[in-house]
Amino acid sequence: MEEYLLGKEIRSWRTETARVITFVVTQECNLRCKYCYMVDKQSEHRMSFETAKKAVDYFIDNKENLFNDDYVILDFIGGEPLIEIDLIDKVVDYFKI
Ligand code: SF4
């Protein structure tokens, strides 16, 4: 019975979809892994708030054409994205507003 309820709950959850929007906020990182996928990274290469705002505006203005999902997940990567925690904070606030 419990398994049935759990399965039903999972099926219900799977009817909703989410769209992931990924922001590469910086190439900078405080580590230097040899296997880093961010080749030729340059610490001065970081996303400005103006660029992030343009991206958010684009997704909001074109949401009907771009996706029809129930949820949006904002994803922040780098480099080390937490180096840009203030930018991430501002982008999330701007997106919510
Ligand atoms: S971005 Fe990731 S893989 Fe690259 S150096 Fe930093 S921690 Fe390592």
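Report follows, based on the coordinates. Everything numeric here is computed off the predicted structure, so don't read it as measured data.

Some details on the overall build of the protein
Looking only at helices and strands, the protein features four helices and two strands. Listing each helix as α and each strand as β along the protein from the N terminus yields α-β-α-α-β-α. For the protein, the proportion of its 97 residues judged to be buried stands at 12%. Considering only contacts in the protein between residues 6 or more positions apart, those separated by 24 or more positions represent 78%.

Quick look at the site of the ligand
As a structural note, the neighbourhood of the ligand is formed by Cys29, Leu31, Arg32, Cys33, Cys36, Met38, Gly78, Gly79 and Glu80. By residue class, the composition of the shell around the ligand is five nonpolar, two polar and two charged.

Some details on the environment of threonine 17
Turning to its location among the elements, threonine 17 is positioned in the loop between α1 (2–13) and β1 (18–24). Threonine 17 sits in the exposed class, given 10 other C-beta atoms within 10 Å. For the pair formed by threonine 17 and valine 72, sequence separation is 55 residues and the distance between their alpha carbons is 8.7 Å.

How each quantity is defined
- Residues numbered from 1 in each chain as written.
- Predicted model: local features only at pLDDT ≥ 70, side-chain atom pairs only at ≥ 80, totals over all residues.
- Helix = DSSP H or I, 4+ residues; strand = E, 2+ residues; numbered from the N terminus.
- Buried ≥ 20, exposed ≤ 12 C-beta atoms within 10 Å, placed from the backbone.
- Contact = placed C-beta atoms within 7 Å.
- Near = placed C-beta within 6 Å.
- Nonpolar A, V, L, I, M, F, W, Y, C, P; charged D, E, K, R; others polar.

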